[in-house]
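Secondary and tertiary structure notes
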Amino acid sequence: MPNLYAITGSFKKQALDFIADPQWIIPSLVAPFTFTLVTLMIYPERDASIVLYAVLGGGILGMWSNSLRASGFSINYDRMVGTLESLMVTPTPLMEVIAGRAIWNALIGLLNSLLVFILAEVVFQTSIRLADPLMFFIALAIILLSLSTIGLFLAAFFVFTRASSVLTQILELPIFIISGAMIPINLMPSWSWPLSFTFGPFWGVDALQIAAGVSSTSPIPVGYAGDLLILFAITAVYLTLTWMLFKKMDGKARESGSLGRY
Amino acid sequence: MGFIRQEVTVLKSASGVSLRSLFAAVPWWLWLIQLVTIGLTQMIYFVLMTSVAGDTTMSISEVALGNALQAVTYSTVFAVCSIPGDEKHSGTLPLVMNAPTKLHSVIIGKSLFHIAAGMMTVVISLTFAALVFGVSFAEVDALSLSMVILVTTFAMTGFGLMLSSIGIYMRSSILLASFFLYIGLIFCGVNFPVSHLPSFLQPISAVLPMTYGVHSLRMAVEGAAVLDIAQDLVLMLAIGSIMLLIGFLMLRLFERLARIKGSYEMF
Amino acid sequence: MGDRVIVAEDLVKCYPRTNGKSGEKKTSKPAVDGVSFEIRKGQIFGLLGPNGAGKTTTIKMLGTLLIPTSGGATVLDHDIVKDYMEIRKRINIISGGDRGLYYRISGRQNLRFFSDLYRIPRRLRDVRIEELLQKVGLEKAADQRVEEYSRGMKQRLHIARGLVNDPDILFLDEPTIGLDPEISREVRGMVRDMSKDGKTLLLTTHNMNEAEELCDDINIIVGGKIVAKGTIAELKEAVRKKSVIEAEVRRMTPDVIEAVHSIDGVLNVACSSDAYRSILRIQVADGQDMVLPIAKRLENCRIIRVSREEPTLEDAYMSMVIGDA
């Protein structure tokens, strides 16, 4: 049974850190908001469907950017401030501690969606209606968990590589593009489609669009339930890989003792 | 003469230290990939968005060129602005401030490498735009293009140095620098014309050097001679010089404030 | 188990290293090389040694953060490699130094977070944190951000963090390093209180006064090997025959130390000086016969006194660490 105290405790701690350190506003708010805004401005006409696309895309970009940057840096942050060994000496597996943070990081990325929504309503005066709000929020919650898992994976993965900052730069926009959240993937070259299909949130985005009332643009239309089923399956694979990576990291740390140094 | 020699020694030593500490942390090729990917992924994304959006006022070529020049911002504004923060982080800022040398000499010395890197990024990004998005350089006026890159880099460095002086005092000047990384995308006509902005926001575009840089770059690529873009170049030089002056004055002020508040040790 | 709560048997740790150029995997020479000892319940056990001797590596192995290359150990009857999760519930590690706390949040928030990692029910957690804050004297600063804490306050918070799970065993890795004498004394008082509360403590230090004041049993580790073990009295006894002569002089020059060191039978010379005088502590093989030859070599200085002293733990330590024993 996972330590729920640890997961909620680290979720809260991450929230406190977020409030205490204004730097996190950059990946979670400033960057995704700018990109979404510029994307909207590129369009000569901004009708309701384009704005809805931007609100959804902005949310996915916010969650993804923050998972990549804040969650990806999570374990390295503990190495930097020297708290990693204090975490590792507790009976809670490190993965559970980081999980709480990863969920917060993905959640706070949604702020961007909210900002774009407000902008759309107030500045562009475009009224947005969701076709099925319940289905929409269910899909959103599952995407959030999927992106949290990816953040968790990246946290461990970035410990193993010196190229973490480069990878962060390289991955941010291309992964967002293949998610189909801003650019329908049927407009992308077909060689890029398999990349989209293996990226869980791509299916979540399709489910979100269906629930919001935007027609699906997926080259493989499987419907709302089908989308969520595939998203679940891919997230389960991510979770298994993440668990294996954390196990490898724990073993390496106890073998070499080098994890505490930064 | 003695003063000049002393300043040159400080500049050389500061740039050497900055170079050595950078490449002790990351191998040069990794650093280079990181530097160019920021600009290139942005270019790819916005070019794609422009083509998806369909009937836009800007061509793919214009967007690619705008993003190529905007790539200079990371080195000249973000990296230069990070200098005091990095010094604080490694605990060396009080030592630097304690030395009988002017702090601005050390910061400028440490910036030199980033300035060179910024210009290199633009050249790489322009090459990428030509190879991947078919931007044509057939008509280009090479002298105008070189002048645009040089003057834009100078003006943006002025911005970076001004912001870096705030970093002596403020805890997170990097936050401010990040705003400038993104502000260019919105206000400077990189991806859509300045005229699409609400009119109350357009004056902001007028004081940002990148607005003139992007405009003159597109003209230079279409074959405009130096004289044709002289107005843009002079405006950028003027803005850059004013920023440098403000930066210099703020540095003195913030150095004093930091000594009062002890904030040079906080990051 | 009896009353033995920690049993280390022939612990060896070599760190794996990768050659930067060839990528070839190698292991370092042992950081800990065949360490064995036992610690009884309620003891304060001191592990003394110079920097790089293997103290921290030993603590990390017993604290389940490192897997030994060979040998083994049990902590509270659990194997440190296989049953590490069971051990982690009942131990904690407190390190000295500035790092190791979340500095952007308050002391209380740090303690709450670490308590959650031990599955401590919320009500018990909050009561215990209040008690701990009082115990370490941080109740007033509890809601201040850690980055605003002084060095001493951070160390007190480290101690409170180490006690959040009410551990049976505490590993204290140089807990007074870099602290001023007053705060060091406070920390030593807290260590004694923990022992009174029935906790077993393993303390590493290179501060001899601290070890002498606190520890029941001491092991001295040098180059990864235990070179001496016993109670303080036993360790002093071991160097009693190699007694100490103390000379207080004025107008001392560096060549005098050389000259004294070159006398047959002199094992070690330590010198401390101030503006007025110098004090030489000279370890010799036999104090009775050495006073005269030493005084002779000090002729050119102004001798205030030359006397034979009882060896301290520091003399015992120096003798063992330098290897002249």
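The rules we used
Residues numbered from 1 in each chain as written. Chains lettered and ligands numbered in written order. Predicted model: local features only at pLDDT ≥ 70, side-chain atom pairs only at ≥ 80, totals over all residues. pLDDT = per-residue confidence, 0-100. Helix = DSSP H or I, 4+ residues; strand = E, 2+ residues; numbered from the N terminus. Expected span 1.5 Å × (residues − 1). Buried ≥ 20, exposed ≤ 12 C-beta atoms within 10 Å, placed from the backbone. Arc of directions from axis to C-beta. Contact = placed C-beta atoms within 7 Å. Nonpolar A, V, L, I, M, F, W, Y, C, P; charged D, E, K, R; others polar. Axes fitted to C-alpha atoms, helices over the stretch in contact; angles between N-to-C directions. Parallel < 35°, antiparallel > 145°, perpendicular 65-115°, else oblique.

With that settled, the discussion passes to the confidence of the model for chain B. Here chain B averages 83 in pLDDT, and 79% of its residues register 70 or above. Looking over chain B, one finds the lowest element-wise mean pLDDT in helix 5 (residues 93–98) of chain B, namely 64, and the highest in helix 10 (residues 209–221) of chain B, namely 96.

All names here are of chain C. Taking 1.5 Å of rise per residue, the 16 residues of helix 6 (residues 181–196) would be expected to cover 22 Å, and the 23 Å separating its terminal C-alpha atoms lies within 8% of that figure. Considered for burial, the residues of helix 6 that qualify are Val187, Met190, Val191 and Met194. Viewed end-on, helix 6 has its buried residues packed into an arc of 100°, placing them on one side of the element. Of the residues in helix 6, the exposed ones pointing more than 90 degrees away from the buried face are Pro181, Glu182, Gly189 and Lys196. Residues of helix 6 that are buried in the fold lie against helix 5 (151–162), strand 9 (169–173), strand 10 (200–205) and helix 7 (208–214). Just downstream of helix 6, Gly198 is the residue with a positive phi angle, here 90°.

The subject of this paragraph is the interface of chain B and chain A. Taken together, the contact pairs 28 residues of chain B with 26 residues of chain A. The set of elements that each furnish at least two residues to the side of chain B that touches chain A consists of helix 2 (28–53) and helix 8 (173–187) of chain B. Examining the composition of the side of chain B that touches chain A, we find that 13 residues originate from one element, helix 2 of chain B, more than from any other. Of the residues in the side of chain B that touches chain A, the class split is 16 nonpolar, 11 polar and 1 charged.

Our focus in this paragraph is the packing of helix 4 (residues 74–81) of chain A against helix 7 (residues 133–160) of chain A. All names here are of chain A. It is the contact of helix 4 with helix 7, at a shortest axis distance of 7 Å, that shows an interaxial angle of 55°. As the angle between them shows, helix 4 and helix 7 are arranged oblique. Counted together, Ser74, Ile75 and Asn76 of helix 4 and Ala155, Ala156, Phe158 and Val159 of helix 7 form the full contact between these two elements. Residue classes in the contact of helix 4 with helix 7 are distributed as 5 nonpolar, 2 polar and no charged.

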